[in-house]
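Coordinate inspection notes
For reference, the chains in residue letters:
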Amino acid sequence: SASQRADRLKQLGTIMFPMDPSPRCYVLDNFGDPRSNGPHQGVDLLASLGQPVYAVADGTLTSKTDANSPRSGNSWGLTAVGGVYYFYAHLSAFTPGLTKGSTVKRGDVIGFVGDTGNPGPGNYHLHFEVRPGGQLSQAVDPFPLLQIPKVCTVY
């Protein structure tokens, strides 16, 4: 309900927002929604093609897939200092010079919003996951953890 969502938004997130909210930012509170391959493991941040995507923590880019990956398309996995794993999918492009194994700092641009993988043409968004115990651990709902900019619309 709208009041439940408002209560969830009052929670102070601890994770920086993983993309530039301009010019377009819609946050779908859709963790756990049914998908063909099981429950949705992240949240979708609707945006425009090419909006910058940020490393939300200092760490190492520990996984990468390319546009031919059927579900995620271009994606990064970031393992933060401390072991939390963040997954970013459907990127249009990667930041030039970054490769699997690159070290990044919180706030570094690591890629750009796109529609690679399974979103469908023109459905530009960032799929963002949080796995506190590392890449192979269970995903948790990122929504209450994110510092959602006031300019974003939440659904």
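A brief look at the structure comes next. Being a predicted model, the structure only gives us computed values, none of them experimental. Think of each chain on its own: its residues are numbered from 1, step by step along the sequence as written. Per-residue local features of the predicted model are confined to residues with pLDDT of at least 70, and side-chain atom pairs are confined, for both listing and counting, to 80 or more; whole-chain, interface and lining totals are unaffected and use all residues. With hydrogens and water excluded, all non-hydrogen atoms of the structure serve as input to the side-chain values.

1. Re the pattern of salt bridges
The test is simple: The term salt bridge refers to a side-chain nitrogen of Lys or Arg lying within 4 Å of a carboxyl oxygen of Asp or Glu. The rule is simple: take the accessible area with a 1.4 Å probe, protein chains only, and divide by the maximum for that residue type; under 20% is buried, over 50% is exposed, in between is partly exposed.
By the definition in use, this model includes three salt bridges. With a shortest N-O distance of 3.6 Å, Asp 44 and Arg 35 are connected by a salt bridge. On the basis of relative accessible area, Asp 44 is assigned to the buried category, the value being 7%. Arg 35 sits in the partly exposed class, given a relative accessible area of 34%. Between Glu 129 and Arg 131 there is a salt bridge; the shortest N-O distance is 2.9 Å. Classification of Glu 129 as buried rests on a relative accessible area of 8%.

2. Some words on the environment of Leu 146
Operational definition: Numbering of helices and strands runs from the N terminus, with a helix taken as a DSSP run of H or I at least four residues long and a strand as a DSSP run of E at least two residues long. The contact rule is simple, with two residues in contact once any of their heavy atoms fall within 4.5 Å.
The topology assignment puts Leu 146 in the loop between strand S9 (125-131) and strand S10 (153-154). Using a relative accessible area of 4% as the deciding quantity, one classes Leu 146 as buried. In this structure the C-alpha to C-alpha distance between Leu 146 and Pro 18, which are 128 residues apart in sequence, comes to 8.4 Å. Excluding its chain neighbours within four sequence positions, the residues that come into contact with Leu 146 are Gly 13, Ile 15, Met 16, Phe 17, Pro 18, Val 43 and Phe 128.

3. As for the packing of aromatic side chains
To keep it simple, the criterion reads: Stacked, tilted and edge-to-face are the three classes applied to pairs of Phe, Tyr and Trp rings, where Trp contributes its six-membered ring and a pair requires centres within 6.5 Å; stacked means planes under 30 degrees apart, edge-to-face means over 60, and tilted covers the rest. Only Lys NZ and Arg CZ are tested; either one counts as a charge over a ring when it is within 6 Å of the ring centre and within 35 degrees of the ring normal.
Per the counting criterion, the structure on display carries four aromatic pairs. Relative to Phe 128, the ring of Tyr 86 has its centre 6.0 Å away and its plane inclined at 15°; by these criteria the two rings are stacked. With Tyr 86 in strand S6 (residues 85-94) and Phe 128 in strand S9, this pair connects stretches of sequence that are 42 residues apart. Both residues of the pair, Tyr 86 and Phe 128, count as buried. Measuring from centroid to centroid gives 5.3 Å for Tyr 88 and Phe 128, while their planes differ by 70°, and the two rings are edge-to-face. You can see Tyr 88 sitting in strand S6 and its partner Phe 128 sitting in strand S9, a full 40 residues away along the chain. The two residues Tyr 88 and Phe 128 agree in class, both being buried. Three or more aromatic residues link up through ring pairs in this structure, and these residues are Tyr 86, Tyr 88 and Phe 128. Residue placement shows Lys 64 over the ring face of Phe 94; its charged tip is 4.4 Å from the ring centre.

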